[in-house]
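The primary structure of each chain is shown beneath.
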Amino acid sequence: MQKLKRKINNLLFGRYKHSLGNSKSTSIRSLDRLNLSLGDVRDVFEPYLAIFLAADRHWNPAQVGIVLSTTSIAGILAQRPTGVLVDASHHQRLMIATATLAVAVVEETESTLSDGCAREAVEFD
């Protein structure tokens, strides 16, 4: 158990022997940690969106499925051009901070809207 805990700490906090003094490895580890912390945002967002569309907007399951599929496909299609744009930019940290802030604002707005929607769905049952 201690060995697993040590490995997780090494992964999360970048305590690798080969990364000491190599700024590129340190930067990659930092990016890995950022991806780990932001990776589940969409997976958390989609169930709330489905409940909001079904309960508040009275969409049928097929329409909700089309919307969720469309957002997934759009995310896949946007990855390459967005990655090229970020790689070409000299302001990568600013771009990541702006995107993270935008996601946080959208999530907060969506959660505010879906709180009432979720309460209505529970009361409906």
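**Q** Could you give me a rundown of the overall build of the chain, with the residues and numbers involved?
**A** For the chain, the count of helices and strands is five helices and zero strands. Starting at the N terminus and ending at the C terminus, the chain contains elements arranged as α-α-α-α-α. Just so you have it, the chain exposes about 10,000 Å², and 63% of that area is on carbon and sulfur atoms.

**Q** Residue-level account of the nonpolar core, with values.
**A** Residues Phe 45, Leu 49, Phe 52, Leu 53, Val 64 and Leu 68 constitute the largest nonpolar core, which totals six residues. Of all the secondary structure elements, the ones that give two or more residues to this core are α3 (41-56) and α4 (61-88). Looking at which element gives the most residues to this core, the answer is α3, with four residues.

**Q** Break down unusual backbone geometry for me, with residues and values.
**A** Positive phi values are uncommon outside glycine, yet His 58 reaches one of about 60°. Tracing the chain through its elements places His 58 in the loop between α3 and α4.

**Q** Could you give me a rundown of the side chain of Glu 46, with the residues and numbers involved?
**A** Mapped onto the elements of the fold, Glu 46 is located in helix α3. Judged by its relative accessible area of 17%, Glu 46 is buried. In this structure Glu 46 touches Leu 68, Thr 71 and Ser 72, once residues within four positions along its chain are discounted.

**Q** Residue-level account of the confidence of the model for the chain, with values.
**A** Averaged over every residue, the pLDDT of the chain is 76; residues scoring 70 or more account for 70%. Element-level pLDDT for the chain is lowest in helix α1 (residues 2-13), with a mean of 70, against a maximum mean of 88 in α4.

**Q** Lay out α4 in plain terms, naming residues and giving numbers.
**A** Helix length check: α4 (28 residues) gives 41 Å between terminal C-alpha atoms against 40 Å at 1.5 Å per residue, within 8%. Its maximal kink placed at Gln 79, α4 deviates by approximately 35°, while the proline Pro 81 follows within four residues. The complete set of buried residues in α4 reads Val 64, Leu 68 and Ser 72. Taking the backbone nitrogen of Ala 62 as reference, a side-chain oxygen 3.0 Å away marks Asn 60 as the first, capping residue of α4.

**Q** Lay out the environment of Phe 45 with the relevant residues and their values.
**A** Mapped onto the elements of the fold, Phe 45 is located in helix α3. Phe 45 sits in the buried class, given a relative accessible area of 17%. C-alpha separation for the pair Phe 45 and Val 106, spaced 61 residues apart in sequence, amounts to 9.6 Å.

Criteria and thresholds
- Residues numbered from 1 in each chain as written.
- Predicted model: local features only at pLDDT ≥ 70, side-chain atom pairs only at ≥ 80, totals over all residues.
- Heavy atoms only, no water.
- Helix = DSSP H or I, 4+ residues; strand = E, 2+ residues; numbered from the N terminus.
- Areas by Shrake-Rupley, 256 points an atom, 1.4 Å probe, with all protein chains shown as cover.
- Core = buried A, V, L, I, M, F, W, Y, C linked by side-chain atoms within 4.5 Å.
- Buried < 20%, exposed > 50% of the residue type's maximum accessible area, 1.4 Å probe, protein only.
- Contact = heavy atoms within 4.5 Å.
- pLDDT = per-residue confidence, 0-100.
- Expected span 1.5 Å × (residues − 1).
- Bend = angle between axes of the 7 residues up to and from the residue.
- Polar contact = N/O pair within 3.5 Å; in protein donor to acceptor, adjacent residues only side chain to side chain.

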